[in-house]
Amino acid sequence: MEGGGTGRVAKSALRLGMDAFLAELKEAARSKSWKWKLVCCGGRQQAFRAYCNALSSNDYSLIVLLVDSEGPVTGQPHLHLNERDGWNLGNEVENGVHLMTQTMETWIAADADALPNCYRQGFVPNALPKSDDLEAVAETGIRKALFNATAKTKKGECRKTRHASSLLKIIDPRVVRKRCSFCERLFWLLGLAIAENRP
């Protein structure tokens, strides 16, 4: 997956947070005796290269790429990434390519009930987007909303590098899935593949 910056500590922290967010899928995989390995690669190009290397190694039953869409998406994720980034992913990996909406912070903003538990006094819940379809909210809108909601708290403004790992542990995936269709797609397709015990 994309994210975690360049340092090992930040990547490890993000991995722990995302592991918690994806716990339902992780447990389902382990119930099938699958080994679960989540790798935070830093930038999106690094994630793409790691994904391609994993595909060529044939060492895994199921390989998934998870990156920000970086903008509105009108078609399938693999076609969006081909058009936007020039990544030739091919149709055979269609169900293994997934997007974190326009930016991962959208998942964080989706669960307005969980965030006050982290930021507490000074948190402004009304600053968060009200839309049921957060896929349509641009990255700048999400970041501005999170800034306005958290800037006056003791922890300070929400920053992905500082807070994402801990926030991913407390936001409810069920809430995020209702407001972010690509998150729902990730859970549904991976859950289906694991349940059917196939890549």
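Read on for a plain summary of the structure. (Residues numbered from 1 in each chain as written. Predicted model: local features only at pLDDT ≥ 70, side-chain atom pairs only at ≥ 80, totals over all residues. Heavy atoms only, no water.)

Compared with the 21 Å implied by 1.5 Å per residue over 15 residues, the 21 Å span of helix α10 (residues 181-195) between its first and last C-alpha is a close match. Those residues of α10 not exposed but buried are Phe182, Cys183, Arg185, Leu186, Phe187, Leu189, Leu190, Ala193 and Ile194. Immediately downstream of α10, the backbone of asparagine 197 shows phi near 55°, a positive value. (Helix = DSSP H or I, 4+ residues; strand = E, 2+ residues; numbered from the N terminus. Expected span 1.5 Å × (residues − 1). Buried < 20%, exposed > 50% of the residue type's maximum accessible area, 1.4 Å probe, protein only.)

Let us look at the packing of helix α1 (residues 8-21) against helix α8 (residues 160-168). Remark: α1 packs on α8, axes separated minimally by 7 Å, with the N-to-C direction vectors making an angle of 30°. As far as their axial angle goes, α8 and α1 are roughly parallel. Handedness of the crossing formed by α1 with α8: left-handed. Across the interface between the two elements, Ala13, Leu14, Gly17, Met18 and Phe21 of α1 pack against Ala164, Ser165 and Leu168 of α8. Residues that form the contact of α1 with α8 fall into these classes: six nonpolar, two polar and no charged. (Axes fitted to C-alpha atoms, helices over the stretch in contact; angles between N-to-C directions. Parallel < 35°, antiparallel > 145°, perpendicular 65-115°, else oblique. Left-handed = near helix turned anticlockwise from the far one by under 90°. Contact = heavy atoms within 4.5 Å. Nonpolar A, V, L, I, M, F, W, Y, C, P; charged D, E, K, R; others polar.)

His163, Ala164, Ser165, Leu167 and Leu168 are the residues of α8 that are buried. On its buried face, α8 is in contact with α1, α5 (105-110) and α6 (115-119).

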